[in-house]
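So the chains spell out like this:
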Amino acid sequence: MFRSLAQALLAAALVSIATQSLAQGVPDAEECAVRWHVPFGSPLRSTICPGGQDKAFCERSRAAVQAMDQMYSTCMAVVEASQFENRHTARTSALIDQAAIMVAGGRDKRQVKLNQVPGNMSGLQGCDDPNPPSICLTRYRPVFQADVASLATEYRRIEKITPRLEIPKEQVAGYRPSPDRMVFMKYSAGASVEFLTGYGMITPETPRDFEAYLLRNPDEKPKSINLNSPGGSLIAGLRLGELFRENGYSTSIGGGPLKPQYSVSSVADFGGDQGNQEEVPEICMSACAYAFLGGISRDFGERTRYGVHQFYNEKATSEPTAKAFDATDLSFQQVMTGLIVDYIVRMGADARLIVEAAKAEYNTMRILSQKEARDLKVIYDPESFTSWQILPRGRGVIARSMSQDGNRTAQVACFTSKRGTERKFVIWQKGTDADGWRDLAKMAGSFQFAGMVIPAEGLSVTTDGKNVYFSTDLPPDYEKRIGSLKEDLQFSPDINTAPMVTIRSFVFPPVPREGFAASASIALRNCLPAS
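Treat the numbers as computed from the prediction; the structure is a model and nothing was measured.

A. Spotlight on the pattern of salt bridges. Overall, the coordinates contain 14 salt bridges when judged by the stated rule. Among the salt bridges present, the one from Glu159 reaches Arg156, with a minimum N-O distance of 3.2 Å. Residue Glu159 and its partner Arg156 are both found in helix α6 (residues 141–159); the two are separated by 3 residues, about one turn of the helix. Judged by its relative accessible area of 14%, Glu159 is buried. Judged by its relative accessible area of 22%, Arg156 falls in the partly exposed class.

B. Representation of the pairing of strand β9 (residues 389–393) within the structure. Bridging between β9 and strand β10 (residues 396–402) involves 5 bridges; their strand directions are antiparallel. Looking at the pairing, Gln389 lines up with Arg400 of β10. Hairpin connection from β9 to β10: 2 residues lie between these consecutive antiparallel strands, with Gly394 at a positive phi of about 60 degrees.

C. Here's a closer look at the nonpolar core. Counting residues in hydrophobic clusters, the biggest one holds 42 residues, and the most contacted among them are Phe210, Tyr290, Phe292, Leu293, Tyr306, Leu353 and Val378. With sequence-adjacent residues up to four places away left out, Phe292 is seen in contact with Leu227, Thr251, Ser252, Ile253, Cys284, Arg298, Asp299, Phe300, Tyr306 and Val378. If you look at the next biggest cluster of nonpolar residues, it comprises 36 residues, including Ile454, Leu459, Ala498 and Val511.

D. Here's a closer look at the packing of aromatic side chains. Taken as a whole and judged by the stated rule, the model has 23 aromatic pairs. An angle of 55 degrees between the planes, with centres 4.7 Å apart, marks the rings of Trp388 and Phe516 as tilted. With a gap of 128 residues between them, Trp388 in the loop between α13 (370–375) and β9 and Phe516 in helix α17 (residues 516–525) connect regions that are remote in the sequence. Comparing Trp388 with Phe516, the two get one shared label, buried. Centroid distance Phe425 to Phe491: 6.4 Å. Interplanar angle 50 degrees. Geometry classified as tilted. Residue Phe425 is found in strand β12 (residues 420–430), and its partner Phe491 is found in the loop between α15 (478–483) and β17 (492–493); the two are separated by 66 residues along the sequence. Grouping residues by exposure puts Phe425 and Phe491 together as buried. Members of the aromatic cluster, connected to one another through ring pairs, are Trp388, Phe425, Trp437, Phe447, Phe449, Phe470, Phe491, Phe506, Phe508 and Phe516.

E. Summary view of α6. Along its 19 residues, α6 runs 27 Å from first to last C-alpha, staying within 8% of the 27 Å computed at 1.5 Å per residue. Among the residues of α6, Phe144, Ala146, Asp147, Val148, Ala149, Ser150, Leu151, Ala152, Glu154, Tyr155, Ile158 and Glu159 are the ones counted as buried.

Reading the values: rules and limits
- Residues numbered from 1 in each chain as written.
- Predicted model: local features only at pLDDT ≥ 70, side-chain atom pairs only at ≥ 80, totals over all residues.
- Heavy atoms only, no water.
- Salt bridge = Lys/Arg side-chain N within 4 Å of Asp/Glu carboxyl O.
- Helix = DSSP H or I, 4+ residues; strand = E, 2+ residues; numbered from the N terminus.
- Buried < 20%, exposed > 50% of the residue type's maximum accessible area, 1.4 Å probe, protein only.
- Pairing = 2+ DSSP bridges.
- Core = buried A, V, L, I, M, F, W, Y, C linked by side-chain atoms within 4.5 Å.
- Contact = heavy atoms within 4.5 Å.
- Phe/Tyr/Trp six-rings, centres within 6.5 Å; stacked < 30°, edge-to-face > 60°.
- Expected span 1.5 Å × (residues − 1).

Printed below as a string of structure tokens:
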């Protein structure tokens, strides 16, 4: 087993290499992922021993996985410590300590001998501040270099004895990933459709697992992931959500583990009736609910169960009536609440979500409906339009709906002048290339909007140097038409006459039907003076 090997190794005397260059022997994140991260869906990832298989083989597999997981975490800890060069001394020391613990194989093992940052910084004022003066950061740099070099050397020694094992395919034909640790796997849903699933518990290792996936798939498109998880580590869930946002991923809920190979149809990956995923309940609970918020756009279906609850301390839940809270516990509770609220707001959701979470105790769950999720911006599409509003303008009013990200606006207004009354529908977006859009509009032949056919020559395309405006006159009987609308309004070229280049260019999200008829009618009765 790896731990016994590591323990024997670490019992030996460690060689001091204070003069060694910091960069020499220090791994990078890509090396960690490629060398040590067990590929997602690999037969090594979980228990792979259904009845009848070689027990000795199973034990070697488990030992290899445990060793490689430990080496991946160790490798990443050394990388993180090396990246704290020339930073705050206290934080640097903490990262080095963490790396030393990882290299040693746990807190109960002998640690790598490191130089300690002096606790008494005599004569240096402000070194304990979050942003200390530069002298605080440079004084201990030689010590820091020696410590990271020692960690890197010890890491290189351990990697030479870490077992690696390749598994023959025939020995793992019935393998399925275990849900006790989130597995990131890509599935096929047709000849050219692929999607990524994160299935299983969120553990402290999950953010690093996802980082390893990103390193293996740097050019993945589209960037979207289906989450299916009962929860797990809260801090890891927040960090996972941060990674989704940093890397431009959208989130949804669904998907399950890989089916055993023998049950998958040979046409499953080419549009066949069978898929290569197990049908499992669609859930995203607890820590997963917060990771989900990291998506740039977020959505889930009617059958999905999205749940939040109070965060908790496991020790406290084991004896809920014990008088175990002190000032540190109360401080922790406040810090965690502030951290979660800050995260929710930064992800663009409504801070009231934390109130909904507080309504459920640690051992229950507050399940949000789709409507509640939309109201709290848990379900969120930055390109979707908001509800229609009536806004005053001078002596009249306008009806307006805007996209969530503010990049598009739809408006209905009435103008009066000596020439008579003009009723206008306008949709605009950020940009300045009116000529290019005008050429595309001419190619379209005609457009459709709310049951109305708009000839290309009836669509005006202009710009004010910031936005491109697409406007058209509404017919006199338009109020009757909008009163009978039964679906959201799509402004698009006529697919029967427009070339594909135009259809693909005018991909505008639908404008909400709800409230449109009433808002437009009010705007059309309260005209603005023409400018």
